[in-house]
Every structure is written in structure tokens, then in C-alpha cells.
Amino acid sequence: MAEPEIEKMTSSVSKLQLSPPPSVRKEKTFSMPDWSLLPEELLNLISKHLEDYCFDVVHARSVCTLWRSIFPFPASLLRPSYSLPSLTKFPYESKDLCTLEKIPLFLFRVRAPHADASEYFLGGIGRDDDDHIELPSPLQCSVKVKIPDSDPTLINTLDCQVLSLGHQYRMIGCNPKYYKGVAFLPLNKFGGGEEFVVLLNYTKTLLVLRSIEMRWMLLEIPSYGSCSDLITFRGRFYAAFSNHDIFAIDPYSLEATPLMPSEALLDCGSVNDLVPSGNDELFLVEKIIPRTGVIYLYRLTLRLSRLDEEAGKWVEVSEIGDRLLVIGNLGNVCCSAKELPDGCGLTGNSIVFTHGRKVTYSYKYGVHTGREEDDLNCWRYSRDKCVTILSTSPVVALRVETAKP
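Along each chain, residue indices are assigned from 1 in the same order as the chain's sequence is written. Side-chain atom pairs in this predicted model are given and counted only at pLDDT of 80 or more, local residue features only at pLDDT of at least 70, and totals for whole chains, interfaces and linings cover all residues. In computing side-chain properties, one takes all heavy atoms of the structure into account and sets aside hydrogens as well as water.

K.L.:
With reference to specific residues and values, describe the side chain of Ser 305.
P.N.:
Only DSSP runs of H or I reaching four residues or more are called helices, and only runs of E reaching two or more are called strands; each is numbered from the N terminus. In this fold, Ser 305 is placed in strand 17 (residues 301–308). With a relative accessible area of 1%, Ser 305 lands in the buried category. We call two residues contacting when some pair of their heavy atoms lies within 4.5 Å. Aside from chain neighbours lying at most four places away, what touches Ser 305 is Ser 262, Leu 282, Phe 283, Leu 284, Glu 286, Trp 314, Val 315, Glu 316 and Val 317. Relative accessibility under 20% of the residue-type maximum defines a buried residue, over 50% an exposed one, and the middle range a partly exposed one, all with a 1.4 Å probe and only protein chains included.

K.L.:
Requested: an account of unusual backbone geometry, with residues and values cited.
P.N.:
Residue Arg 234 is not a glycine yet carries a positive backbone phi of 50°. Summarising the element assignment, Arg 234 is placed in the loop between strand 11 (227–233) and strand 12 (236–241). Overall, the relative accessible area of 42% leaves Arg 234 in the partly exposed class. A positive phi angle, close to 55°, is found at Asn 349, a residue other than glycine. If you trace the backbone, Asn 349 turns up in the loop between strand 20 (333–336) and strand 21 (350–353).

K.L.:
Explain the packing of aromatic side chains residue by residue, including any values.
P.N.:
Side-chain rings of Phe, Tyr and Trp (the six-membered ring for Trp) are treated as a pair once their centres are within 6.5 Å; stacked means planes under 30 degrees apart, edge-to-face means over 60, and tilted covers the remaining angles. Enumeration according to the criterion identifies twelve aromatic pairs in this entry. Seen from their ring centres, Trp 67 and Phe 71 are 5.5 Å apart, and the 20° between their planes marks the pair as stacked. In this pair, the class of Trp 67 matches that of Phe 71, namely buried. For the ring pair Phe 106 and Phe 108, a centre distance of 6.4 Å and an interplane angle of 50° mean the geometry is tilted. What makes Phe 106 buried here is its relative accessible area of 5%. Owing to a relative accessible area of 0%, Phe 108 belongs among the buried residues under this scheme. Aromatic ring contacts, followed pair by pair, group Tyr 82, Tyr 169, Phe 184 and Phe 196 into a single cluster.

K.L.:
Can you lay out the sheet that holds strand 9 (residues 205–210) for me, pointing to particular residues and giving the numbers?
P.N.:
Spatially, four strands are ordered 7-8-9-10 in an open sheet, and the strand pairing comes out antiparallel. Two strands close off the open sheet at either side, each with one partner strand: strand 7 (179–186) and strand 10 (216–218). On average, each strand axis in the sheet is tilted by 25° relative to the strand beside it, whichever way the strands run. Following DSSP output, two strands are said to pair if at least two bridges run between them. As judged from the six bridges shared by strand 8 (residues 196–202) and strand 9, these two strands associate in the antiparallel manner. If you follow Leu 199 over to strand 9, its bridge partner there is Val 208. An axis is simply a line fitted to the C-alpha atoms; with a helix, the fit covers only the stretch in contact. Between two such axes, the angle follows the N-to-C directions and lies from 0 to 180 degrees.

Structure representation (C-alpha cells):
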């Protein structure tokens, strides 16, 4: 908005009648206030009080172009990026560049068409950099949910409950056919500095890049399997492999320490996923697959363990409190179900997979199946809530509803 227009809008505040006569009040009982006429001094005060509430700021910016110019875009929604050497000529050095981008993740619960169902979007938040463009008033209160190489999706946040899920890093300009995941850690062991290290899961190998050298190198890991999952937790890298090996990797020395399983699986294989719960705990979810016999998806069971860092091993657990673990193609995340209202479908102490089948269920511990031969001491399908996977790109979209008898 041009400065003369802003001044004109601001000066019009003095013309407002804050206490109009009764006759006027009667005529304007149902009229909407013109929030664009608030003085800038008051808007600046409101802006300072909303600094820690990013989506309240998004809502405020949607009121009108004046508010959009006064309320700065939330820093927590910005996407800092790093320019890194391209991998097109690896193992040789390349002058070409690719981009590592930090993407904030959020879970949106939107209003579903039916009262007994809830719909969710899970994805990274982007922003429209064209803030200088004049937009019609009232502005659409929306955010852009986007995963690289996919079309953006606009979500009206006024109709959503929004939960922060931390952030992820994504490589832009890296061949998606060979790129399977990336993890980033700052090197601030002695305080200060801007050095960092990046670990890349690429073509069945792990590559490492230190900012001080700015070149990709092969990271030697004592495992014959390919990396299936790569995350960070409490200042270290954690990598899971297809042969069930799991290593903790120190970002300074790049030494890999094996982590022992809670108990060996007999006559079974497993597909492993690592899920950090903020900076509190790290969970290992093992989908147990029998080596013999027919595999029925509804009969599959899970084993859930948490990391005991002191002992350097996994400890099996049957309860995770109010936490909900979501595992899928866009990454594995954990959120607190107690922040969601009753009846919204997703509940604590459960696990949801967002890839594979279109219609699925959440996993819970000790589910009674009605079959005497089924062990209760494991995590399996709970059929009380039906989870429909509406899409997996550009965001994960779910509909959760009470299962029909």
C-alpha cells in the first residue's frame, strides 16, 4: 500500500465517533467494525504482543493491507536455506549448486463435512514472497502448504486448528530418484559460529558435508544394508538401515555407534522407523513381518521402543502417554493429542501410518482381536477409528472417522 493511502487511512481515525448517539447505534447494530481504521500506534502494540503466536500474526496480516504492512511475517515460518555443492558430478567436486532448505512442519485440523469426522493436513509451510503486491480486502487468511517439486495448496487457517511439529530439511535441485533424505546439525559445541554438517542419504550410501570444507564425502558406516531412515536428536545423527542396524553418529568426529535392540526377533523381519518426540525422547517403531506364511495386513503387529541413551540400547514400551506418532513419506513426526479436542479422531498412545493402503486404522497396544491365538502384548490395528488417506502429495491429507460396525 502506498504511503499516502496509509496516511489517509490513519488520519480518518480522528473522524470516527467512538460513542455515536443512540439513533446511530440502533442503525449500526449489525455492522462490522472497520479494523483498518485503528491507529498505527495501537497496531504496533498489538504486533509486539503477538510475536510468539505465529498463526495469530498470520490472521492479523489477513485483515487488510495496512495490517499486512505493520505485522511482520512470523520468523518461525521463514525458511532459511543454504547453498551446497551439487551432486551431479560426485565423487568429483562440482561448481554447480543445490539448496538445502529448512521447512517448518504443521498439522492442520480442518472442519470436516460430517460432525463425526475430522480432516487433517500435514506438511511444510511456505510463504508468498510478493508481500508488496496489493491484495483485495479482506485478504484471504491462508498459508501455502508445499513440498518441493509439488504444486502448493492454500489452507484457510481461520477454519483450522494448527499444531507445530518442528521442522525438516529438504534438498532442492537434487535428483529425487537418488535422494532419500537429509539431516542437518549446527556445530556449536563451544558456542557461537555458523559452521554446520549435513548428512545425505543418497544412492544407497551416506554422504557427509562440512561447511568448513564445502564438499561431499562418503561416510563409512559398518553396515551392509542401505539407509532407510535418517534423523537428528539431541545433537546427533541417527540412521536406520534395511538390515535392522541402527547407528548414532557424532557430528564432530563422524564416529558411528551401534544401538542394541531390546530383543532379537525370532523368525521375523522388520521395517524400522525412527520418530523423535521433540528433544525429549526418540522412538523406534518396528513393523514385524513373519518370514513364513501368508502376510495379512490387518494381522501385522508393531514393536515400539524408546532410546536409553546412557545404556546405548532400545527399551520396549507399551505406553507413550498422550503422544501420537505419525509415520509416512513426508517424514515421521510426533504430536500431543491432548491439544486436540475430544471427538477429533486422532488420540494419544497410538501410531498412524500415512503411506501404503488408502483406508487404514491407528495402532494401539493390547488390542483385543477376538482370536485366542493373538498376543495382547504388542501394538496392532484398533478398528474403533477409520483413517482414510486422501492424498500424500503435496501434503498428507487424512480423514478420521468412527469406524462403522
